[in-house]
2 protein chains.
Amino acid sequence: MNLILLDDADFPSDCVAVVTGRRADHIRTVLKAEVGTRLRVGRLGGMLGEGTVTRVDEGAVELAVVLTRQPPPPLPVTLLLALPRPKVLRRVIQCVVTLGVKRIVLFGAFRVERSYWRTPWLTEPELREQIVLGLEQARDTVPPVITTHPLFKPFLEDEAPALTDGTRRLVADPDAVMPCPVGDIGPVSLVVGPEGGFTAYELSLLGDGGFEPVSLGRRIFRTEQVVPALLGRFLA
Amino acid sequence: MNLILLDDADFPSDCVAVVTGRRADHIRTVLKAEVGTRLRVGRLGGMLGEGTVTRVDEGAVELAVVLTRQPPPPLPVTLLLALPRPKVLRRVIQCVVTLGVKRIVLFGAFRVERSYWRTPWLTEPELREQIVLGLEQARDTVPPVITTHPLFKPFLEDEAPALTDGTRRLVADPDAVMPCPVGDIGPVSLVVGPEGGFTAYELSLLGDGGFEPVSLGRRIFRTEQVVPALLGRFLA
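Residues numbered from 1 in each chain as written. Chains lettered and ligands numbered in written order. Predicted model: local features only at pLDDT ≥ 70, side-chain atom pairs only at ≥ 80, totals over all residues. Heavy atoms only, no water.

## As for the side chain of Glu136 of chain B
All names here are of chain B.
Phase 1 of the analysis: Relative to the elements of secondary structure, Glu136 occurs in helix α3 (residues 124-138).
Phase 2 of the analysis: In terms of polar contacts, Glu136 uses its side chain to reach the side chain of Arg22, at 2.6 Å.
Phase 3 of the analysis: Beyond its immediate stretch of four places on either side in the chain, Glu136 contacts Met1, Asn2, Leu3, Leu5 and Arg22. (Helix = DSSP H or I, 4+ residues; strand = E, 2+ residues; numbered from the N terminus. Polar contact = N/O pair within 3.5 Å; in protein donor to acceptor, adjacent residues only side chain to side chain. Contact = heavy atoms within 4.5 Å.)

## Focus: the relation of the copies chain A and chain B
Related by rotation about an axis and a shift along that axis, the two copies of the chain form a pair.
Phase 1 of the analysis: Screw-axis analysis of chain A against chain B gives a translation of 0.0 Å along the axis, an RMSD of 0.0 Å, and a rotation angle of 180°. Read as a symmetry element, the transformation amounts to a two-fold axis. (Least-squares fit on C-alpha atoms with pLDDT ≥ 70 in both.)

## Comments concerning the layout of surface pockets
Phase 1 of the analysis: Of the pockets and cavities examined, the largest pocket occupies roughly 1400 Å³.
Phase 2 of the analysis: Every element with two or more residues in the lining of the largest pocket is listed here: α1 (21-30), β3 (38-43), β4 (48-56) and α3 (124-138) of chain A together with α6 (223-231) of chain B.
Phase 3 of the analysis: The biggest single contributor to the lining of the largest pocket is α3 of chain A, with 4 residues.
Phase 4 of the analysis: Tallied by class, the residues present in the lining of the largest pocket amount to 25 nonpolar, 10 polar and 14 charged. (1 Å grid on protein atoms, 1.4 Å probe; cavity = no way out; pocket = protein on both sides within 12 Å on 5 of 7 lines; lining within 4 Å. Points joined across faces, edges and corners; volume = space filled by probe spheres on them. Nonpolar A, V, L, I, M, F, W, Y, C, P; charged D, E, K, R; others polar.)

## Points about the domain arrangement of chain A
The extent of an interface is frequently quoted as the accessible surface area lost upon association of the parts.
Residue and element names in this part refer to chain A.
Phase 1 of the analysis: When cut into domains, chain A gives domain 1 (4-69) and domain 2 (75-232).
Phase 2 of the analysis: Measuring from the centre of the C-alpha atoms in domain 1 to the corresponding centre in domain 2 gives 33 Å.
Phase 3 of the analysis: The partner domain 2 presents 9 residues to the 11 residues of domain 1 that form the contact.
Phase 4 of the analysis: For the pairing of domain 1 and domain 2, the buried interface totals around 810 Å² over both sides, and the portion due to carbon and sulfur atoms is 56%.
Phase 5 of the analysis: A per-residue breakdown of the area domain 1 buries against domain 2 is headed by Leu5, Arg22 and Leu44, which together make up 53% of the total.
Phase 6 of the analysis: Where domain 1 packs against domain 2, one counts 2 salt bridges.
Phase 7 of the analysis: As a salt-bridge pair, Arg128 and Asp7 come within 2.8 Å of each other at their nearest N and O atoms.
Phase 8 of the analysis: Connecting domain 1 to domain 2 are 4 residue pairs in polar contact (both at pLDDT 80 or more).
Phase 9 of the analysis: In terms of residues, the side of domain 1 that touches domain 2 owes the most to one element, β3, which gives 3 residues. (Domains from an automatic or database assignment. Buried area = accessible area lost by both parts, 1.4 Å probe. Salt bridge = Lys/Arg side-chain N within 4 Å of Asp/Glu carboxyl O.)

## Remarks on the interface of chain A and chain B
Phase 1 of the analysis: Between chain A and chain B, the contact holds 36 residues from the first and 36 residues from the second.
Phase 2 of the analysis: Together chain A and chain B conceal approximately 2900 Å² of surface at their shared face, both sides included; 50% is due to carbon and sulfur atoms.
Phase 3 of the analysis: The largest contributions to the chain A side of the interface with chain B come from Arg218, Arg219 and Ile220 of chain A, which together make up 24% of the buried area.
Phase 4 of the analysis: Taken together, chain A and chain B are joined by 2 salt bridges.
Phase 5 of the analysis: Put simply, Asp140 of chain B and Arg219 of chain A hold a salt bridge, and the shortest N to O gap is 3.0 Å.
Phase 6 of the analysis: Here chain A and chain B share 20 residue pairs in polar contact (both at pLDDT 80 or more) between them.

## As for the sheet that holds strand β11 (residues 212-214) of chain B
All names here are of chain B.
Phase 1 of the analysis: As summarised here, the arrangement of the 6 strands in space is β8-β7-β6-β10-β9-β11, forming an open sheet in which the pairing is parallel. Of all the strands in the sheet, the pair left with one neighbour each is β8 (145-149) and β11. Across this sheet, the average inter-strand angle for adjacent strands is 25°, counted without regard to direction.
Phase 2 of the analysis: Sheet analysis places strand β6 (residues 75-82) next to strand β10 (residues 188-192), joined by 5 bridges and oriented parallel. Bridge pairing links Leu81 to Val192 in β10. (Pairing = 2+ DSSP bridges. Axes fitted to C-alpha atoms, helices over the stretch in contact; angles between N-to-C directions.)

Here it is as structure tokens:
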């Protein structure tokens with residue numbers, strides 16, 4: 001836990017926060033904080049700063065909070081990800097939140113098993129847990145917006161244009177000739193397909209939608225490998 | 001399994017391979033191969049090609065093998081990685097093998113717990129399993145060389161110079177001013193520290209050793225996130 005992330009419910013008044021549960025345990029047992037210890041804190045959706053411990057109980061820690069700094073800049077990438085297997089989903093969400101993505105679009109495709117949409121990891125409390133873990137890791141406060149779109153064609157034709165408006169549209173494709181761009185290329189929408197790949201039909205629809213195929217070479221990667229490898233190219 | 005990886009012991013003669021165990025199960029039950037089915041194969045340390053199924057038994061599959069293509073080019077990166085927690089180690093080894101790294105140097109540092117060196121995941125058969133999984137995923141045949149160096153200072157002063165000779169030496173450091181380079185910059189040696197970071201003394205020794213500090217921004221990443229994010233910058 002690189003940051004104690006506070007949300008509105010933790011603030012009985014403007015400058016005082018009281019945390020319980022996992023965060024209180026971490027402050028007491030890992031950080032071994034006492035009254036007077038200063039901790040890195042951030043307010044969900046807001047600023048970063050310092051919390052000075054003013055009280056330590058068995059189940060709760062009270063902090064005097066001063067927030068002075070902006071969170072790190074977001075990564076200007078909209079990630080459009082074919083819904084991965086549930087186990088992979090959890091790790092990937094946490095990873096892309098840590099990397100700074102603020103817009104995650106989960107969609108269905110021919111090689112996305114329908115059962116994946118029924119996983120409990122897609123429910124709001126489970127997603128929220130992965131988001132919080134990802135933000136704490138990165139010392140960030142701004143959660144991403146996550147949307148789900150189970151049907152590929154309606155998603156791509158009716159919703160993707162607005163979701164990716166004003167961005168450079170890329171689709172990761174091991175058969176593409178063009179290497180995925182690197183460096184600061186402005187806002188990007190990056191499509192990553194299912195582990196078995198897109199069908200030829202899906203790739204042609206993506207092409208019609210203005211998504212340029214780009215590659216990281218001939219190797220085939222797992223979702224949890226290719227996502228950070230691609231996003232790493234855009235990190236400043 | 002994107003590739004059936006064969007080793008010398010699988011070849012009773014030059015052009016015939018017999019596989020058993022996990023690979024035979026995969027060929028029979030996942031690929032549902034019959035006599036005449038053609039499969040992607042590769043020979044460990046050698047070429048890629050095609051294997052035509054000539055016999056399917058309960059426990060073994062026989063293939064007529066023709067090898068015609070070179071494996072994908074290696075990633076010209078020597079990865080020097082502070083030994084991570086055992087669970088992370090497994091995943092990271094598999095990931096960097098998939099990404100094409102051929103030289104992995106595991107070293108100790110102040111914030112590497114000594115107990116990590118006793119993990120069974122560092123033994124030859126366990127490492128070999130992760131290497132094989134990584135190569136199968138990438139459709140590659142060339143295993144990496146992995147060396148271990150528990151003591152930081154002797155490693156850095158006596159061994160690292162030869163291991164990284166002729167390469168650009170970089171060390172990942174969230175406090176660095178220079179962004180990690182991107183694109184094809186020739187052979188690179190990339191140092192990634194432990195999750196708690198290097199000590200100031202270790203960083204100064206790395207500086208003396210010619211390793212330039214480079215960053216991916218202010219965010220703090222987990223080892224299994226930062227390694228693919230950094231390596232992704234060098235993929236062609």
